[in-house]
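What follows is the residue order along each chain.
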Amino acid sequence: MAIYTAQEIMDIIPHRYPFLLIDTIEELEEGVRALGKKCVSVNEPYFQGHFPGNPVMPGVLILEALAQVGAVAILSRPEWKGKTAYFAGIEKAKFRSKVFPGDVLMLETEIIKTKGPIGVGRAKAYVNGKTAAEAELTFAVG
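Along each chain, numbering runs from 1 in the same order as the chain's sequence is written. Residue-level local features of this predicted model are given only where pLDDT is at least 70; pairs of side-chain atoms are given and counted only at 80 or more, and the full residue set underlies all totals for whole chains, interfaces and linings. Only hydrogens and water are removed before side-chain values are computed, so all heavy atoms of the structure are retained for them.

*Asks:* Help me understand the overall build of the chain in this model?
*Replies:* Along the backbone of the chain there are two helices and six strands. Runs of E in the DSSP output that reach at least two residues are strands. Runs of H or I that reach at least four are helices, and both are numbered from the N terminus. Taken from N to C terminus, the helices and strands of the chain fall in the order α-β-β-α-β-β-β-β. For 142 residues, the compact-globule estimate of 2.2 N^0.38 gives 14 Å, and the C-alpha radius of gyration of the chain, at 14 Å, lies within 12% of that figure. The C-alpha extent of the chain, read off along each of the three principal axes, is 45 × 30 × 25 Å. A 1.4 Å probe rolled over the protein chains alone gives each residue an accessible area, and that area as a share of the maximum for its type sets the label: buried under 20%, exposed over 50%, partly exposed in between. Burial status across the chain gives 44% buried among its 142 residues. Partitioning the contacts of the chain with sequence separation of at least 6, the portion at a separation of at least 24 is 61%. When the accessible surface of the chain is totalled, it reaches about 7,500 Å², and 54% of it is carbon and sulfur. Asp and Glu are treated as the negative residues and Lys and Arg as the positive ones, with His and the ends of the chain left uncounted. Taken as the charge centre is NZ of Lys, CZ of Arg, CG of Asp or CD of Glu, depending on the residue. Both charge centroids of the chain, one from 16 positive and one from 16 negative side chains, sit 6 Å from each other. We compute the radius of gyration from the C-alpha atoms alone; for a globule the expected value is 2.2 Å times N to the 0.38, where N is the number of residues. Should any heavy atoms of two residues lie within 4.5 Å, those residues are considered in contact. Shrake-Rupley sampling with a 1.4 Å probe provides the accessible areas, and residues are treated as covered by the protein chains on show and by no other component.

Following this line, the structure appears as structure tokens:
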């Protein structure tokens, strides 16, 4: 059972359709780790052009979805409630397998380092237990 629905996620992060890329938060350790879910639909607007006849979820949007899950984790800290977590960097990004319409993308981001409003999250996206993408994501809370 989900901890946060899409509506509740929108109370934490500012993203809205069509750029809210997570459907639910399944697990949460406040300020430490979150596990989110994205049910990838053929109706996603990016599939019209990526790629016609061979729809594949863009890797950069998988990373964005991982960042949104990380933002939910970090912004769950009481002192950062109401703030925005901005992308500040991407390191060690790897794309391991394609993500297609109909896939359920599990998105896990663990905050591994913070110093003031800057931090780093270790992020992995899975489909059926198989790694689709992974990266270290740097964020700045402002």
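*Asks:* I would appreciate a short explanation of the nonpolar core in the present structure.
*Replies:* Side chains that are nonpolar tend, in soluble globular proteins, to be buried together. Put simply, a nonpolar core is a bunch of buried Ala, Val, Leu, Ile, Met, Phe, Trp, Tyr and Cys residues held in one set by side-chain atoms that sit within 4.5 Å of each other. Membership of the largest hydrophobic core comes to 41 residues, with the highest contact counts inside it found for Ile 13, Ile 22, Met 57, Leu 75 and Leu 105. Residue contributions to this core peak at 12 residues, all from helix H2 (residues 59–75). Leaving out residues up to four positions away in the same chain, Leu 75 has contacts with Ile 12, Ile 13, Trp 80, Lys 81, Lys 83, Thr 84, Ala 85 and Val 141.

*Asks:* Which parts of the structure should I look at to understand the packing of aromatic side chains?
*Replies:* Two aromatic rings, taken as a pair, are described by how far apart their centres are and by the angle between their planes. A pair of aromatic rings is counted whenever rings of Phe, Tyr or Trp (Trp by its six-membered ring) have centres within 6.5 Å, and the orientation is called stacked for planes under 30 degrees apart, edge-to-face for over 60 and tilted otherwise. Across all of its chains, the model carries one aromatic pair by this definition. Two conditions define a charge sitting above a ring: the NZ of Lys or the CZ of Arg must be within 6 Å of the ring centre, and it must be within 35 degrees of the ring normal. When the ring centre of Trp 80 is taken as reference, the NZ or CZ atom of Arg 77 above it lies at 4.4 Å.

*Asks:* What's the story with the pattern of salt bridges in this structure? I'm lost.
*Replies:* A side chain with one charge may pair with a side chain of the opposite charge, provided their charged atoms come close. Salt bridge, as used here, is a side-chain nitrogen of Lys or Arg placed within 4 Å of a carboxyl oxygen of Asp or Glu. With the rule as written, the count across this model stands at nine salt bridges. Between Arg 122 and Glu 110 there is a salt bridge, and its shortest N-O distance comes to 3.9 Å. In this pair, Arg 122 sits in strand E5 (residues 118–127) while Glu 110 sits in strand E4 (residues 104–115), placing the two residues 12 residues apart along the sequence. For Lys 124, the salt bridge goes to Glu 134, with nearest N and O atoms at 3.9 Å. One end of the pair, Lys 124, is in strand E5; the other, Glu 134, is in strand E6 (residues 130–141), and 10 residues separate them in sequence. Exposure remark for Lys 124: the relative accessible area of 29% places this residue in the partly exposed category. Linked through salt bridges whose partners overlap, the residues forming this network are Glu 27, Glu 29, Arg 33 and Glu 108.

*Asks:* Sorry, what's going on with unusual backbone geometry here?
*Replies:* Where the residue is not glycine, phi is negative for most of them; where a peptide bond is considered, it is trans in most cases. Cis geometry marks the peptide bond from Tyr 17 to Pro 18; its omega dihedral reads 5°. In this structure, Phe 51 follows His 50 across a cis peptide bond, with omega equal to -5°. Phi at Asn 128 takes a positive value of approximately 50°, unusual for a residue other than glycine. If you trace the backbone, Asn 128 turns up in the loop between E5 and E6.

*Asks:* Looking at this structure, I do not really get the pairing of strand E2 (residues 33–39). What am I missing?
*Replies:* Regular strands show a simple pattern: their side chains alternate between the two faces of the sheet. Most of E2 sits out of view: five of its seven residues are buried. The pairing criterion for strands is at least two bridges between them, as found by DSSP. Direction of pairing for strand E1 (residues 24–29) relative to E2: antiparallel, over a ladder of five bridges. By the bridge assignment, Ile 25 is partnered in E2 with Gly 36. Between the end of E1 and the start of E2, which pair antiparallel, lie three residues, with Gly 31 showing a positive phi angle near 75°. Pairing analysis gives seven bridges linking E2 to E4, with the strands arranged antiparallel.

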